[in-house]
Amino acid sequence: MDERLQRYVTELFAVEDPVLTAIRERHTEAGLPPIHISADEGKLLLLLLRALEATTVLELGSLGGYSGVWIARALPPHGRLTTIERDPRHAAIARQAFNEAGLSPRVRLIEGAALDVLPTLAPGFDAIFVDADKEPLAQYYDWSMRLLRPGGLLLCDNAFFHGAAVDPADATPAAQGVRAFNRLAADDPRLVATVVPVRDGLLIGLKVAE
Ligand code: DHB
Ligand code: MG
């Protein structure tokens, strides 16, 4: 999206409260990679989860907890965000973010590699937000479809991957992973899916059949 238009939407619809701003600023100060979602993307996640009346959400890739705060805020007090993070330093910063936002009772952060953790989880999530490393995305797709309840939402960040999605010359494992995930979602008869051009592309899919 054009940067000026993104700013326009964000200033109208996705103004951060001081808690979110502090979490984002600490993320930057801690030297975490500057790849967290944007506020307008966070607002879209919140809106979708509210529309679904989601109570259980799974996130792959907590990073510093910025997206997790947007997601957990969409849930009712008895709701539960399960978020997986491989990097212990990122996990510590994410935990601090959930504490500061008063959301710790609603969040279960599991430290470990997603492919080790996913087989230990019970199915039935209302929504799954995939925002982790890109190379294993085809495997993340299969696990997500297994763990998502019928009627649930599959959400995946970086569907465009800075344009690599449409650059056949980019044969990096990450670009191949993104293209594989998009293709799987597009072709799967169990899913009604599209990509919304917010930030780096957000894939949204509704699971309509088991
Ligand atoms: C990048 C951006 C992301 O949002 C992400 O989840 C992973 C990588 C990137 O810009 O490389
Ligand atoms: Mg991302």
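Scroll up to find the structure.
Here's a quick rundown of the structure.

Cut-offs used in this document
Residues numbered from 1 in each chain as written. Chains lettered and ligands numbered in written order. Predicted model: local features only at pLDDT ≥ 70, side-chain atom pairs only at ≥ 80, totals over all residues. Heavy atoms only, no water. Donors = N, O, S within 2.8 Å, 3.2 Å for Na, K, Ca; no water. Buried < 20%, exposed > 50% of the residue type's maximum accessible area, 1.4 Å probe, protein only. Near = heavy atom within 4 Å. Polar contact = N/O pair within 3.5 Å; in protein donor to acceptor, adjacent residues only side chain to side chain. Nonpolar A, V, L, I, M, F, W, Y, C, P; charged D, E, K, R; others polar. Phe/Tyr/Trp six-rings, centres within 6.5 Å; stacked < 30°, edge-to-face > 60°. Helix = DSSP H or I, 4+ residues; strand = E, 2+ residues; numbered from the N terminus. Pairing = 2+ DSSP bridges. Right-handed = clockwise from strand over helix to strand, strands pointing away. Contact = heavy atoms within 4.5 Å. Lys, Arg positive; Asp, Glu negative; His and termini not counted. Salt bridge = Lys/Arg side-chain N within 4 Å of Asp/Glu carboxyl O.

With that settled, consider the coordination of the magnesium ion (ligand 2). D131 (OD), D157 (OD) and N158 (OD1) make up the full set of protein donors to the magnesium ion (ligand 2), lying at 2.0 to 2.2 Å. Mapping the donors of the magnesium ion (ligand 2) onto the primary sequence gives the spacing D-x25-D-N. Using a relative accessible area of 9% as the deciding quantity, one classes N158 as buried.

A separate point is the site of ligand 1. Every residue close to ligand 1 is listed here: I35, D131, K134, D157, N158, H162 and R199. One of the side-chain nitrogen or oxygen atoms of K134 is found 3.0 Å away from an oxygen atom of ligand 1. Taking D157, its side chain carries an N or O atom lying 3.0 Å from an oxygen atom of ligand 1. In the shell around ligand 1, the residues fall into one nonpolar, two polar and four charged.

All right, on to the packing of aromatic side chains then. A ring pair, where both rings are aromatic, is described by two values, the distance of the centres and the angle of the planes. A complete count under the given rule lists one aromatic pair for this structure. Here Y141 and F181 contribute two aromatic rings whose centre-to-centre distance is 5.3 Å and whose plane-to-plane angle is 85°, an arrangement assigned as edge-to-face. Of this pair, Y141 sits in helix α7 (residues 137–147) while F181 is found in helix α8 (residues 173–187), placing the two residues 40 residues apart along the sequence. For Y141, a relative accessible area of 1% translates into the label buried.

Here strand β5 (residues 148–157) lies mainly inside the structure; seven of its ten residues are buried. In this sheet, β5 lies alongside strand β4 (residues 125–130) in parallel orientation, the contact comprising five bridges. Across the sheet, the residue bridging to F129 is L155, located in β5. Running through α7, the crossover from β4 to the neighbouring parallel element β5 is right-handed. Judged from the five bridges that link them, β5 and strand β7 (residues 202–207) form a sheet pairing that is antiparallel. By the bridge assignment for β7, C156 is matched with L203.

Our next topic: the environment of S144. The residue S144 is located in helix α7 in this model. Taking relative accessible area as the criterion, S144 reaches 2% and is therefore assigned buried. Remark: the alpha-carbon pair of S144 and I23, spanning 121 residues in sequence, is separated by 28 Å. S144 has contacts with I128, V130 and L154, leaving out every residue within four places of it along the chain.

Before going further, it helps to examine the side chain of D40. Of note, D40 is situated in helix α3 (residues 39–52). Although buried, D40 forms no salt bridge, and the nearest oppositely charged side chain, R199, lies 6.7 Å from it. Among the polar contacts listed, one links the side chain of D40 to the side chain of S38, at a separation of 2.5 Å. Non-local contacts of D40, meaning those with residues more than four positions away in its chain, are made with M1, Q6, V9, T10, A14 and V198.

The analysis is restricted to geometry; functional conclusions fall outside its scope.
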